[in-house]
Structure formats: structure tokens, C-alpha cells
Amino acid sequence: MNEFEFELDPETLLSMFEINQKEEETKDSLIEGTFKGEEEDKKTEEEKIKKEKEKQNLGAIKQLEELGGIQGILKKLDVNPKIGLTLQEQKDNFHRRIEKYGENRFEVPPHKSWFELLWDSYKDTTLIILIVAAVISLILGFTVEDPSTGWIEGTAILIAVIIVSVVTASNDYEKEKQFRVLNEVKENIKVKVVREVTEGVGDVSTISIYDLVVGDILKLNAGDKIPADCILFKNEDLNVDQSLMTGETKTIRKNLDGDVFLLSGTVITAGAGSAVVTGVGLHSQWGAMRKNFEEKPEDTPLQVKLDRMAVIIGYIGLFAAILTVLVLVIMWGIDIGRNGWKKEMLGELTDYIIIGITIVVVAVPEGLPLAVTISLAYSMKKMMKDNNLVRRLASCETMGNANNICSDKTGTLTENKMTVVQAYLFGDLFNEMPKKDEIFEYGLKLLCKGISINSKAFLKVNEKGIIEEVGNRTECGLLRMIENLEHDYKQIRVDSEDKVKKTFNFDNAKKRMSTIVKKKEGYRVYNKGAPEIVLQLCNRIMDNNGNTTELDEEGKNEILKQINKMANEGLRTLAFSYRNFDFTEEDWKQENVEQELIFIGFVGIMDPLREGVEDAVRECQNAGITVRMVTGDNVGTAKNIARKCGILTEDGLVVEGHEFRNMNEEERIEILPKLQVLARSSPQDKYDLVSLLKKQGAIVGVTGDGTNDAPALQKADVGLSMGIAGTNMAREASDIVLLDDNFKSIVNAVMWGRSVYDNIRKFLQFQLTVNLSALTIAFLGAISGRGMPLRAVQLLWVNLIMDSMAALALGTEPPTRKLLQRKPYRRNESLLSNLIIRNLLCQGAYQVIVLLVILYAGPSLFGYDLDIEKERIHLYTILFNTFVMCQVFNEINCRKIDKDEKNVFKGIFRNHIFVGIIVITVIVQFIVVQFVGTFFYTEPLTAMEWFWCILLGFISLPLGLLFRYIPVPDDKSQREEDPEKKPLKDVLTSDGSLDLSQDRNDDIIDEEKDKQLNSLDSSSDEMDNVWEPDQDSEN
């Protein structure tokens, strides 16, 4: 069989989109010109623009027509839009298409190699000065001093500099590698395509964006990010936000008679449709744009804060270094005055300069930002295992300090496994899912046909034979009901495909969805939505004999009682209606079509609580976090679920969305401390609640899954989107993606966030203790005439221990559930708590005292004569070794920084990295002292001297325990206080709901809110999303 030869080349396909994009940009400039004109000329200008647009549209459309139109494109790409790409091509892995049109991957700009990063590390000013000084030391060592030994210190410093640079380059390389991996995971979204599943039969499949090829038939819904350049051939009021590509902030409504071009990288804000992929990867508009684009990792707030602290500490170190060198130079001058000039003295001056530079190197805490990077990278990796995909690093830190969480209900607190368990259909109440023979034949067909056509979800059998639900879970539950009623929803859709004329997609404000189909005579609209909304649109009801009767207010009230009864049992309720009509398409406005409907009935859908969600909510509450449920569900359903999971307490307040909207700001603030459930809410209500909480100083985490949740997700301190049920737009707007849509994962995110913050504080305590003791002993040794007890190369080794190895050891401390037993820190919480300041001052004081005793009393205690160089080096080796041992044991001390944590060894063996770093440090220190003394200016120590060094270091452990009992003032001003319990006005009913007897006006105008919402807005109601996958604010 001859292989099909593709007639279209990628350049031809891409050129159509380039013409289309240029046209859009020209339209924008023309529109902008109207605002610059005078008001009286506005109509004339608009007419000109209209004509110009019509003229320009011919460019891309003409090229499309020359290629045979949409059908011509499909034919030239060898694809049947109903079946999709064939099984044979799938077996061949689409190698011909990929060879011709490329893969849907982008060329990432080449990242810096390890050697380039190594070279960059040598551009550090301090290291350059140190290298220059080391070279001068080498020159003097060979020319002025004894050539046999004079080279040693300069060489040792250069080797130390190389080691520091290698470690720095390795850390930077690992950081960039982690960032690239994160980006890859972040961009690997799932898309829905139609592909052949059996010969001649196509079905919807979910694939990775990277597996998309030219010719694939894409199924698109609101909230989807368009993954490749496409041409639309089936349109259901599709609206696209093209601002990323064209700069146009207003959404563009697509139509099959004009603009059918969908640009990759843009976002669907409303509607649905099907399109054929024409350009992927570098041969798409988005690919062409990002050729020279590389996303750089941004510093998190904690890194910025630590960078500033590092600068301050660096200045302190610089001051200490200048003072030390100044004292040494003065004493050097006095020595010249007494004993006269000797050429060896030039080498001494070089040594002083090197010592000063080394003090600066040691004092500058490069390890602080490194510790953040290591801790964040480690936490991100572990959080992924806990089903948290971190999209923005800063959210790791912020989540640990969150004190308010606004959570969806469906899928987050519940399992999102929808099962119809009760029904009220055709006037009869069913206490379990009705059977086929319990509903009359015509009514059964009417119900099943309405559900099948007026929905977008589908059920799919995977390779293991398990039925997978794709799309909205509520709709999937209804499709399962249809199958139980022995009807084939797929066949109904196939039979009705050409009859479907228009769909009014799900609207969060209107809370309903409708689809119009052509009949033999006239048209029929199928409608579904929130029962109390649908009921108000009906004026008749069909009984179980197929007769329709008038539905008056009394009848509606009786039905509402049944609705409320199911809702109070925790069931989601969804109603169905229909009508026949014969007016023309010009009058097909939603408000015209959705009136005088015939009520069919409603169903009660069970969605059980997730296992362990009660414990997760309780953990949050014990951690000082207020949990609120924000749901689109009926107030009865919301109360039932909120009580079950522990969110709604006896004195808690339940408010409905319309009541919340009618309050002014003062009234909202009044109820805020007691508000626990916001029912029948819209995304706008969620946004307003988040804004109000932030205005009150709260740190807010919010969950969302729908397109219209994007503003609230962006507004929150941490936006948490749903990995399974969420739309692409919601995920793009979020900071963390909950891969399992589970509330328990939010608790894990809080725990890891607190762990990051605490690990940085542990490292900070360790490093500042080292700095304090090193700078003090260097300065005191210099001014006392004992010179520098710690040589430059020794200080560089200590710097390596505390900057890199300690950052790795303390930055990877795993979290414990105990972190969830304290309140969150405030936004302005100081990194240095009173407890940390106490610990570092006490430990620093102990180390300084021990080192001064060795420095001044050492000759008599150990029997060494300082006038003999070998013995002086031996004594200073004991001092150096004791100093390092103090750091090793103090590193263990720093594992616990809370006042009620006394056992520093608890859980130590859970952190294998920490134990490994300690062991490696001790082994390398032993080698440095015993075997490479030539480079480090050390002498091998005896077993007894090692014993004393280790003992003096070990004493810091029991001392650390004693220091913990020294009282310090609590950081009350730095801890998050409980929200002020303001007295509520008399607005509560007996069941905890809000009773509003009069209308209230909301006078709040939030410019930032409007700006964000406008990005989703279209000319009228099109900003509202369709019946989206598991959008909690539907019904």
C-alpha cells in the first residue's frame, strides 16, 4: 500500500497564522485610533474599521480557501474529523507526521554548562582578591622567603579557592537543573484528542501535550490552554484570550465564517469546540516566539531577605577584617621600628592582607541563600511525592505561614465520585436510583437524550478494562445513570450530532446549561442546572404518564421541600427541563429560549467525604489555620458536608453567595470571624472573600479548579489548583497544583512550608555562631600579639564546612507532624527569634572562651613553647581542631530551635544526609590534621589531644540543653494572634444561616480585581466558563 504524501509543508501552515496575527495587531492599532479621534467622528471611524477588518480578514481566509478551506486542510492532512488519526499511524508512532511537521516540543536555549558556572564563580570580587594575594604570596615565597616552604601557603589558598569554586559551581548547576525539571513537569499538561480506537470508530483520548502531532483532532473547552496552532471546524461560542500573542486584552469570539485560527499559547475563556492541529513545536506561533526566550529562576522572598542579611553580615565582617589588618600592620610597624627591616617582613605583610581577605570570605555568609535553594529543592522533590507540584518556589515558604484556607468542597473535601442515589422524576420520588421499568418509555428517552446531548463528559474503558471518567464528574455520574437505565449515551450523541444547533454553556452566574437541537418541526431545548434556578424557569411539569400540567407556586414549593430534604442529607441536586419552540435563530437568546420550560425532575447525587479529611481539617485548626468551605452547592448540602469534616462548628456561620454580595464591607468584616461556609457562591464571591481576608492581614491559601477561579487563585497568597479536575487556566494561575485534588495534600504543603522556614533558621543559628566565634578569636588574637591563631587556609576550610556542607545537612531536615502543633508566623516575622539569638550568643561565648583558654593558657596546659615554631603550630592545631569539633557538635544542637524541643538527637537517623555530612566532616578533618599538615599548617595530634578536642566540642551539647532553660521573652509580637472575636449583630437564624431582612449595597470597588477579571471578560457574558471539569462552584 502506498503511503499518503502530505501536500502541505509546515511553512505554508505557519504563514496563515502569521498573516492572521498581523491582522489582529492591525485591528488593535485601528481600534486604538478611534479613542484618539473626536467623539463626533466615532461612528465614521467605526465604519472605517469595520470595512478595514473585513478587507484584512481576506488575507488569511483567502489563503485558507486557496488550500480548499477547512475540508481541504483535513484532506491534505489525511485525517477524518470524526475518527481522528488512524490505528495504523498510532502503531507507527506517527513517524511520518513527526518527520514532516516536527514534535510538539520547544528548543530550550542552551543552559550554562558546569564549566561555565565554574568560570562565573571566579568572577566573585572577594575570590579574585584572594587569588591575587595568593599569587603574591607564592612570588614572595619563592623570592624572599625559603623557597622550600614559602610556596606552601599560597598554593594551599589557591587549592582552597578551587574547592570553594567547584562546590559553588556544583550547587548552581544543581539549582538550574532542578528548575529545568520543574518547568518540564509544569508544562506537561494533558489534552483531549479524537483518535481511532477500533477500525472506523474514533473516541476521545487524553494524551500528553508532547504527544500531540499535526492532524490530531483537538477537543477544546473553556479554561484550556491551546497547545498548538489549530484551525477550528466545530464551534460552540468559542472565546479566546489572545493577549499573550497579540497584546489584545479583549477576548476574541471565533466563528466558522471568519476567524477560525487558534494560536498556540492562548487560552479559551468560554465556549467549546473541535479543531485540527496544523502547527506544533517550533512550527507554531508560540514556538516561534519562545525560540529566544528562557525563563529564569526568581529569588523567593526568603532568599531576598537572606541576601540582605548576608550583605549586613558581610559589612560587619569587612569592618572586623579592616580592624584586624590595621592592628596587625601597626604591630608590624612597631616590630620594624624595634628590630629593623628584614626582607621576610614583606611576606608577613602579605600574610596580614590574606588574613583580612579571608576574614571577609568567612564572614560573608554565602551559605544563606544556598541553604534556601537546597531546602526548597529538597522540599519540592518531597512535596511531589506528597502530591504537591510546586509551580512557584516562593509558595513553599508562604504556605508554611498561611493562617486561612478557603477550600472547595467537591473533589477536595469529597472524593468527587458522583453516584445518583435518589431522584424525583416525572412527579414520582425514588429513594434509590430508578430502574428502567419504573419510568414510562417516552419520559425515559426524553431524560436520557437530554442528559446525553446537554453534557460534554464521557466514560472511557482503559487498557486494564477499568472505566475512566473524563470531564465533569457530575456529568459522568449522570452518564452512569443512563447506562444503568440501559441507554447508550454515545449512540445518542452520534445520532444527534448534526441536529445540535447551539449550546449555552454552563454559566457560574446563571448556574445552568442548555442545548438546542433541530426537530422535524421546530426546535427543542434541553436544560439542566441548579434545581431552584431551573424550577423558576418552568411553568409546567410532566407526570409519569407523559401528561403536562401547570406548575404553580404551591407545586414549586412542594418540589423545593424535596430538594432541600436531599440537600440536607448531603446530596448534590441537579434538575432537568425542556421545551419545544419554533421561533427563528435571530431570537435564540438564552433568556428567550429558557422560559416556559417543562419540568422533568431532579436527582440527588452522593459524593462521599475523602478518607482522612476530618483529621486533616483538625490538624489545620490545631496549627492555627482557619479553614472555610467556599462552594457552589446548595446551602443544605454545604452544611452537611462542612459538619461532617469538622469545618462547621456550633457557633459557625453559613452565608449564601447572594447574601454575601449584598453586604457592605463593614458587615462583611463583622461576620468574618464566624464565617465558616460560603454556599451557592460564585468565583467573584470567592475573589471578594480572599481580598477581604488579605486586607485584614491574613495569609490566605485558596483552592480552585475552574477558569473563573483564576482571579482568586492569583489574588491569594498561595493559589492551589486541582491537578485532576482543574482547567489549564486555573493551573496556570496557581502556585501549587494538588495532583490528587485532596485536602490532605494541602496539610502536607503547610508542613513542608514550615519545614523550609525552620530549616533556614537552623542554618542561620549555626552560621552566625561560627561567624561570631571566628571573627572574635581572629580579632583578639591579632590585638593581643599572638598573631592569627587560625590561618587563612584553615578559615577557608571552616567556610566550606559552614557554607555548603552545613547548608546541605540542615537544609534537608525532614518535617514532623509536630510542626502542625504551633501557630503560623506573621508576614513580618523576624528570622532571628529571641530563642535563636540566645542560643547563638551562648554557644558563641562558649566557643570563644574555650579558644582563648587554648590560645593563652595552652602553652602551660599542653606543655608547648610558642617560641619554637613547630610547637606553636602544634598548639594552634589543637585550637583549630577544637574549633571545628565545636562546629560539628553545634550543628547537632541547631537541629532543634523551638523552646519545647530538648532532645536534639530525636529523628537524627531519619536524615541520612545530615548523618553523612557529619561523618564526612570528621573524616576530612582527621585527614587534614594528621596527613596534610604541610598545606593546612597543622601538626599531627596525639590520641589524648584528639580526645580533648572532641570532648571540648561535645560539651556544647549538654551546654546547649542548659541554655534552653535560660528564659527569654516570647516573640508575642511576631506570632499570629487569633482573629479578634468581634460580637455579631443579630443576624443569625437558629440553624446558623444569615438572616438579611433588607437589601444591602456593596460599595467596594477593587481596581486590581477589575483588572484581573477583565482578562477573562468578553463583550458580554462570555467570560463565564462552561460546565467545567469538576468546578466546585457549579451545583
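Just so we're clear, the structure is a prediction, and the values are computed from it rather than from any experiment.

**Re the pattern of salt bridges**
Inspection of every chain in the model, using the stated rule, returns 27 salt bridges. As a salt-bridge pair, Lys435 and Glu432 come within 3.4 Å of each other at their nearest N and O atoms. Residue class for Lys435 comes out partly exposed when judged on its relative accessible area of 46%. Salt-bridge contacts for Lys695 lead to Glu665; the nearest nitrogen and oxygen are separated by 2.8 Å. Taken as a pair, Lys695 in helix α26 (residues 683-695) and Glu665 in helix α25 (residues 665-671) lie far apart in primary sequence, 30 residues in all. We classify Lys695 as exposed; its relative accessible area is 57%. Where salt bridges share partners, they join Asp408, Lys686 and Asp709 into one cluster.

**Concerning the confidence of the model for the protein chain**
Looking at the protein chain, pLDDT values average 79 and 80% of them are 70 or higher. When pLDDT is averaged over each element of the protein chain, helix α35 (residues 943-954) comes out on top at 95 and helix α37 (residues 1007-1014) at the bottom at 40. When the criterion is pLDDT under 50, residues 25-40 qualifies, and its contacts beyond four places in sequence or with other chains add up to 16 contacts. Per-residue pLDDT stays below 50 along residues 52-57; that stretch engages in 9 contacts with residues further than four places along the chain or on separate chains.

**Some words on the packing of aromatic side chains**
Overall, the coordinates contain 12 aromatic pairs when judged by the stated rule. Judged by centre distance (5.1 Å) and plane angle (85 degrees), the rings of Trp114 and Phe115 are edge-to-face. The exposure class of Trp114 is partly exposed, given its relative accessible area of 25%. Judged by its relative accessible area of 61%, Phe115 is exposed. Aromatic pair Tyr424 and Phe602: ring centres 5.4 Å apart, planes at 20 degrees, arrangement stacked. With a gap of 178 residues between them, Tyr424 in strand β10 (residues 419-425) and Phe602 in strand β20 (residues 597-606) connect regions that are remote in the sequence. For the pair shown, Tyr424 and Phe602 are each scored as buried.

**Things to note about the packing of helix α32 (residues 869-893) against helix α33 (residues 912-931)**
With their axes 11 Å apart at the nearest point, α32 and α33 run at an angle of 175 degrees to one another. Taken together, the axis directions place α32 and α33 in an arrangement best described as roughly antiparallel. Residues Thr877, Phe880, Asn881, Val884, Met885, Val888, Glu891 and Ile892 of α32 pack against Phe914, Ile917, Ile918, Thr921, Val922, Gln925, Val928 and Val929 of α33. For the contact of α32 with α33, the residue count by class is 11 nonpolar, 4 polar and 1 charged.

**Quick look at the nonpolar core**
Membership of the largest hydrophobic core comes to 112 residues, with the highest contact counts inside it found for Met399, Ile405, Leu413, Met629, Ile647, Val677 and Phe743. Here this core gets 17 residues from one element, more than from any other, and that element is helix α29 (residues 743-783). Those residues within four positions of Ile647 in sequence are excluded, and the remaining contacts are Leu413, Val617, Gln621, Val627, Arg628, Met629, Ala642 and Gln676. Counting 74 residues, the second-largest nonpolar core is a separate cluster that includes Val79, Val193, Cys448 and Phe458.

**Quick look at the sheet that holds strand β8 (residues 388-390)**
Across the sheet, 8 strands lie side by side as β8-β26-β25-β24-β9-β21-β23-β22; this open sheet has mixed pairing. Because the sheet does not close on itself, it has two edges, and the strands there are β8 and β22 (653-656). Averaged over all pairs of adjacent strands, the angle between strand axes in this sheet comes to 20 degrees, irrespective of strand direction. With 4 bridges joining them, β22 and strand β23 (residues 675-679) adopt parallel strand pairing. Bridge pairing links Glu656 to Ala679 in β23. Contacts from α29 reach β8, β9 (404-407), β21 (626-630), β24 (700-704), β25 (718-722) and β26 (736-738), with the element oriented near 160 degrees to β9.

**Here's the deal with α35**
Counted at 1.5 Å a residue, the expected span for α35 with its 12 residues is 16 Å, and the 16 Å between its end C-alpha atoms agrees. Taken together, the buried positions of α35 are Glu945, Trp946, Cys949, Leu952 and Gly953. An end-on view of α35 places all buried positions within 130 degrees of arc, on one side of the element. Turned more than 90 degrees away from the buried face of α35, the exposed residues are Ala943 and Met944.

What counts and how
Residues numbered from 1 in each chain as written. Predicted model: local features only at pLDDT ≥ 70, side-chain atom pairs only at ≥ 80, totals over all residues. Heavy atoms only, no water. Salt bridge = Lys/Arg side-chain N within 4 Å of Asp/Glu carboxyl O. Buried < 20%, exposed > 50% of the residue type's maximum accessible area, 1.4 Å probe, protein only. Helix = DSSP H or I, 4+ residues; strand = E, 2+ residues; numbered from the N terminus. pLDDT = per-residue confidence, 0-100. Contact = heavy atoms within 4.5 Å. Phe/Tyr/Trp six-rings, centres within 6.5 Å; stacked < 30°, edge-to-face > 60°. Axes fitted to C-alpha atoms, helices over the stretch in contact; angles between N-to-C directions. Parallel < 35°, antiparallel > 145°, perpendicular 65-115°, else oblique. Nonpolar A, V, L, I, M, F, W, Y, C, P; charged D, E, K, R; others polar. Core = buried A, V, L, I, M, F, W, Y, C linked by side-chain atoms within 4.5 Å. Pairing = 2+ DSSP bridges. Expected span 1.5 Å × (residues − 1). Arc of directions from axis to C-beta.

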